[in-house]
Structure formats: structure tokens, C-alpha cells
Amino acid sequence: MEENTSTLCVETYEDVDYVEGCWRTDKHQELVEEGQDEITGRLLSKELAIVKLGAVANDNYVRGMTMQPQWHGYWKNVGTLEKSNYVANYLYISNIAKQYKCGNSSTYPMQTGMDPVMERIIEPFGIRIVDSDPDKKTLTDKGIISWEQALNGEPATMKNKSLFLYGMALHCATDTFAHSTTRLNGFVIKHDDDKASHKNVADDDTYYTNRIKCAREIAGNVLSNYLLTSSGKVSDFYIKKYDRTFHLVNIAEYMSIVDNTYYKNKKSYFDALNYSINP
């Protein structure tokens, strides 16, 4: 079983409680701070606070890694037994974030290779809550949380919505290095790998530590995109800190689907990073 069944972690950030499925306790929000340390530009503290709200939104509003992999950097959909292109999914949500920053909340095109079901979550007036049921086989639509609620009382401006959505994109990108990695022998690093100690190794940032270093770097790339008013780029997955101690599932195939020219230019890198698996 690859569903995250670890105890949900509760953290407090600026007097607000959040519940999140975690890398390790508060890692999603730490990655926002750590991502800023990776870049030269700086977001204001209030901007970072809203990005952090978005960085845990995936675990609050579209829960269920195996049933909704598109929001959790997971490489397959367990329900449909189809591949899930985490590169394309990340690009889609980051493009919406850019469109909001540019003042456009009505048109954002499909991304080649993305999971089409992503279209129904981001609404002009809020975020649709779709929850994975306890049986991990069905999804339940629980309605829409307004932007005002999602932003925890911050003004529902286009800028603030954009910051929130860049946080959701950051979650998708960084979770890839928790949920879609393998050891060098191709064995997927799962949540329940260490059954003897009941240790959640996929979300443990001390396990195959280069994964979290790569996650920090891609978090910085997402924040740079915000500062540049840019969509996510395939080059965001070209991680300089990768040391070849683990693989990403199907990264070569997913990159080639999204931008085959870029993939061919960086083929040696992504082929080294890649481990191909069918669902």
C-alpha cells in the first residue's frame, strides 16, 4: 500500500493551525522558507505566509495521494492504473498561478500530458474540496471553500490568490521527491517501507537525504517563478544538486511528453535521473 497512512501532523504557523500530510512534521512549509534561501530574490514575509497557506492546501482540500496523484507529485493513479505526469501537472497549476498574478482568472489552457481532472479544482470564487474516502477507492466532492476562507482572512486579491496557487504548485513539485523516488535498484521508496519500525520513509527527509536537497532547490525555482511572474518551466526539474543516489519514476518519459526538445538537450541528465516503471 502506497497511501500516506501516517498520523496527520498539526502545526501552528502565525497563530493558525494547519493539518497536513507531511514530509516530516512541518516540512511543506519549511520548504517555502528553505526555497527562498536557494534564490537571490526575496519575497516579503507576508507573501511567504500566503505561499505557506497554499503549500498545505493540497493536503487539506485535495487529499489522497494515490487517488489524486496530480496534486501530490505521485507518478501513477492507483484507482485507474494510469500514469500521472507530475511535470505536466506542476506546469498546469503554476500557469494558473501566473495568470492570477497577471489579473486573469478566467482562461488557463490545458497542459500537454496533464491529468484533466485538475481543471475542476481551482474556481474563480474558491477551491473545490475533493476528498479521498477512507476506502481509498472513491472520491467525494465536498463543495467549495471560498478564497476568503482559504486565505485565512487575508484580502482575496488576485495577487494573494496567485501566491496561494504558487504554494500549491510548490507542493506538487516538492512532493515529487518524496512520492516518486526509487532506490538505485529501482525499488520505489514507499510510505510503509520499514514495516519493522513502522517508519514512514518516503516522507522522512533524513532517508536518502539528497531527495530533500533537490526538493529545496525546486522550491526555490517555484519562488523565482513568482518573482519573475513566470509559469513553471520544465527546466525547474533540472536540479543541480542531484547526486545520483536515487531515481525519479518516469521523469524521462514525462519530460519528453511536455517538451521533447528540452528533454533531448538534457537527455543524459534526465536519463540518469530516470527509472521507468509501468503502473
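Structural data are supplied above this passage.
Numbering of residues starts from 1 in each chain and follows the order in which that chain's sequence is written. Local features in a predicted model are, by the rule used here, given only for residues with pLDDT of at least 70; side-chain atom pairs are given and counted only at 80 or more, and totals for whole chains, interfaces and linings are based on all residues. Only hydrogens and water are set aside; all other atoms, that is, all heavy atoms of the structure, feed into the side-chain values.

1. Observations regarding the overall build of the protein
So the rule is basically this: For the purposes of this entry, the term helix denotes a DSSP run of H or I that reaches at least four residues, the term strand denotes a run of E that reaches at least two, and both are numbered from the N terminus. Only protein chains enter the area calculation, which uses a 1.4 Å probe; residues under 20% of their type maximum are buried, those over 50% are exposed, and those in between are partly exposed. Areas reported here follow the Shrake-Rupley algorithm with a probe of radius 1.4 Å; residue values treat only the protein chains shown as occluding.
When helices and strands are tallied, the protein shows nine helices and 10 strands. The buried share among the 279 residues of the protein stands at 57%. Of the accessible surface of the protein, which amounts to about 11600 Å², a share of 50% is contributed by carbon and sulfur atoms.

2. Examining the packing of aromatic side chains
Here is the rule: Working definition: rings of Phe, Tyr and Trp (its six-membered ring) pair if their centres are within 6.5 Å, and the pair is stacked with planes under 30 degrees apart, edge-to-face with planes over 60 apart, and tilted otherwise. Here, a charge over a ring means that NZ of Lys or CZ of Arg falls within 6 Å of the ring centre while also lying within 35 degrees of the ring normal.
Scanning all chains against the criterion turns up 15 aromatic pairs. An angle of 65° between the planes, with centres 6.2 Å apart, marks the rings of tyrosine 74 and tryptophan 75 as edge-to-face. Relative accessible area serves as the criterion here: at 0%, tyrosine 74 is assigned to the buried category. Chaining the aromatic ring pairs together yields one cluster made of Phe177, Tyr238, Tyr242, Phe246, Tyr262, Tyr269 and Phe270. For the cation-ring pair, lysine 101 lies above tyrosine 226, with the distance from its terminal atom to the ring centre recorded as 3.8 Å. Here the guanidinium or amino end of lysine 266 rests over the ring plane of tyrosine 238, the centre of that ring lying 4.6 Å away.

3. Side note on helix H6 (residues 210-227)
The condition that has to hold: The length a helix should cover is 1.5 Å for every residue beyond the first.
For H6, built from 18 residues, the straight-helix expectation of 26 Å at 1.5 Å per residue is met to within 8% by its first-to-last C-alpha distance of 26 Å. Counting buried residues in H6 gives 14 out of 18 residues, a clear majority hidden from the surface. Residue threonine 229 follows H6 closely and has a positive phi angle near 50°.

4. Overview of the packing of helix H2 (residues 45-61) against helix H5 (residues 158-179)
The test is simple: Orientation is described by lines fitted to C-alpha atoms, with helices fitted over the stretch in contact, and by angles between N-to-C directions that extend from 0 to 180 degrees. Angle categories are assigned with fixed cut-offs, so that under 35 degrees is roughly parallel, over 145 is roughly antiparallel, 65 to 115 is roughly perpendicular, and the rest are oblique. Less than a right angle of anticlockwise turn of the near helix away from the far helix marks a crossing as left-handed, whereas a clockwise turn marks it as right-handed. Only heavy atoms enter the contact rule, under which two residues are in contact if any of them lie within 4.5 Å. Residues are grouped as follows: Ala, Val, Leu, Ile, Met, Phe, Trp, Tyr, Cys and Pro are nonpolar; Asp, Glu, Lys and Arg are charged; all remaining types, including Gly, are polar.
Here H2 crosses H5 at 55°, and the two axes come no closer than 7 Å. Here H2 lies oblique to H5, going by the angle between them. In the packing of H2 onto H5, the handedness of the crossing is right-handed. Residues Glu47, Ile50, Val51, Leu53, Gly54, Ala55, Ala57, Asn58, Asp59 and Tyr61 of H2 form the contact with H5, whose own contacting residues are Lys159, Asn160, Leu163, Phe164, Gly167, Met168, His171 and Cys172. Of the residues belonging to the contact of H2 with H5, the class tally is 10 nonpolar, five polar and three charged.

5. Description of the sheet that holds strand S6 (residues 126-132)
Within a sheet, adjacent strands bond to each other through the backbone by hydrogen bonds, running parallel or antiparallel. Using the following cut-off: Paired strands, in this sense, are two strands between which DSSP finds at least two bridges.
One open sheet holds the three strands; their spatial order is S5-S6-S7, and the pairing between them is antiparallel. One side of each edge strand has no neighbouring strand; the edge strands of this open sheet are strand S5 (122-123) and strand S7 (139-146). Bridge count between S5 and S6: two bridges; the pairing is antiparallel. Paired with isoleucine 122 across the strands is isoleucine 127, a residue of S6.

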